[in-house]
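A closer look at the structure
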Amino acid sequence: MSFDAIIIGSGPAGLTSAYHIAKAGNKVLLLEKLKEDDIGKTPPTSILKTYTFTETGFDRPHGNELLAFIDTLNIYSSTGKTRKEVKFNYIIIDRILMSKRLLGYAKEKGVVFKDNISVDSLIIEDEKVVGIVTNSGESIKAKIVIDAGGITSHLKSLVPKSFNIEEKIEDKHIANAYIEKLSERRNPTQVNSFIGVKGGNVWVSPIEIGCGSFEHSLDLRDSLHEFIKDKSIKASYDSSKSSKGSIAVRQNLANFVGDGFAVVGDSACMVSSLDGAGVTTSMIGAKLLAETVNECLKNNDLSQKALWKYNVNYNIKLGAELAYMDILRKTLISFAPDDIDFAFKNDIITSKDILDSLTGDITNLKAVDKARRALKGIARPHVLLKLEVCLIKAKELKYHYMNYPSSPEKFNEWVNILNHINDSVV
Ligand SMILES: Cc1cc2nc3c(=O)[nH]c(=O)nc-3n(C[C@H](O)[C@H](O)[C@H](O)COP(=O)(O)OP(=O)(O)OC[C@H]3O[C@@H](n4cnc5c(N)ncnc54)[C@H](O)[C@@H]3O)c2cc1C
């Protein structure tokens, strides 16, 4: 048995790439270790950017799949004393229903879907990936194998070192996340997010409360309840409807491809590190991957060099924007809580700064704006200095991603500069 593409994992990234590769007339096998009915259950709801579906070629959710429209994001300091209001459109969706719908589209395009099958290893011949081996020992060959197995996927660690794909996501970049369903809806169009709480953040949407933290020893359930009580946040939650998991909070992998192999979604760390959201970025990444794979299948060339276009397209479209956000996140969490209160209260960090970081826009501080901030920040010059360095570094990093090398030959040089910029931050 042989396929054009084997995709491992039927999360948002796997479903999107399977649909688009099959739509071009290719033979696709989608393998999932869960049973079909359990797909999309962890987490069962998600907050997504509204443009997710139009950008990835699917109809927008409606009916029971669409749980809420959000038009305002309130970013609070961890003390809850100060806030920045950002006007931004999100939707909250039912992930079980979304997964069923996308899987239906994929099957309609001819994708062969097999559930309850775990991919254990890869078949590698002459330093090329040529297939997979399942937990029952079955070997299946394909022209390309796509790892869409999420944050726990071990497949990257099995590919030849010559691919230059990071093998493992370091623990320091992994945040644990925990959510509970609200018993009754509140603030129907707003999400409140508290930054810098217990090594992470806490959020309250109309549907759920949740928290994420890098402190792996914390009991997130207790921390969340404690915070909600301490801050007198009015929310009645249902602890029996909870969900937890991990999120890679960092810049995406520097390289996603090797001969006959590509990685996408959480497994490639395609996550917005400011809020831990990965569905939109994983689906857009999967669409970009599918476009390159379709071209490569047409030309019968699945080499790393041919697949490289996917690296370039992703990093210019999203990697640059996400790297910018990553610097802003690192800077925000490095401030003491009362420094954040000071920066919010005096408009040293403005709502526009936060909006720009969500849209990937580069804040070109004008002379007059700099002077205004300097005046307001005079009582705490270190806050202003840190913010200025943050904006300079974020801009430098964004441009570096926009200049992603057009072929593998210049990759090592690009990574060296990337590491140098990152090392000089905060
Ligand atoms: C608690 C929590 C809340 C979150 N909330 C949000 C949110 O509100 N908005 C947002 O955008 N993002 C959110 N995220 C992040 C989001 O869930 C991920 O970024 C997104 O699911 C990534 O999609 P993916 O397809 O790459 O991976 P996944 O959704 O993890 O899918 C991977 C799939 O691969 C399967 N698989 C893995 N290994 C194998 C194997 N060896 N063989 C066969 N199958 C395999 C898994 O069973 C799984 O179904 C949240 C995450 C958590 C943990």
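Bear in mind that the values here come from a model prediction, so they are computed numbers and not experimental data.

**Here's the deal with the site of the ligand**
The environment of the ligand is formed by 32 residues, the closest being E32, I47, R95, V119 and D266. Taking 1,000 Å² as the accessible area of the ligand by itself, protein coverage stands at 91%. Counting residues per element, the ones that place at least two in the shell around the ligand are helix 1 (12-23), strand 3 (45-49), strand 14 (237-248) and helix 5 (279-298). When its residues are assigned to classes, the shell around the ligand shows 15 nonpolar, 13 polar and four charged.

**Digging into the environment of I349**
Counting through the fold element by element, I349 comes out in the loop between helix 7 (337-345) and helix 8 (351-359). Through-space distance from the C-alpha of I349 to that of P408 is 39 Å; in sequence the pair is 59 residues apart. Setting aside residues no more than four positions away along its own chain, I349 makes contact with K84, L332, F335, A343, F344, I354, R373 and L387.

**A few points about empty space enclosed by the protein**
All told, the structure shown has four cavities of 30 Å³ or more when counted by the stated rule. Its boundaries defined by the atoms lining it, the largest cavity holds a volume of some 120 Å³. Lining the largest cavity are 16 residues, and of these K49, S272, A277, T280 and T281 sit closest to its centre. Broken down by element, the residue count for the lining of the largest cavity peaks at four residues, all from helix 6 (residues 304-334).

**What to know about the packing of aromatic side chains**
Scanning the model with the defined rule gives 12 aromatic pairs in all. Centre to centre, the rings of Y19 and Y105 are 6.2 Å apart; their planes meet at 50°, and the pair counts as tilted. Of the two residues, Y19 is situated in helix 1 and Y105 in helix 3 (residues 95-108); the sequence distance between them amounts to 86 residues. Positioned over the ring face of F3 is K27, at 5.3 Å from the centre of the ring.

What counts, and at which threshold
Residues numbered from 1 in each chain as written. Predicted model: local features only at pLDDT ≥ 70, side-chain atom pairs only at ≥ 80, totals over all residues. Heavy atoms only, no water. Near = heavy atom within 4 Å. Areas by Shrake-Rupley, 256 points an atom, 1.4 Å probe, with all protein chains shown as cover. Helix = DSSP H or I, 4+ residues; strand = E, 2+ residues; numbered from the N terminus. Nonpolar A, V, L, I, M, F, W, Y, C, P; charged D, E, K, R; others polar. Contact = heavy atoms within 4.5 Å. 1 Å grid on protein atoms, 1.4 Å probe; cavity = no way out; pocket = protein on both sides within 12 Å on 5 of 7 lines; lining within 4 Å. Points joined across faces, edges and corners; volume = space filled by probe spheres on them. Phe/Tyr/Trp six-rings, centres within 6.5 Å; stacked < 30°, edge-to-face > 60°. Lys NZ or Arg CZ within 6 Å of the ring centre and 35° of its normal.

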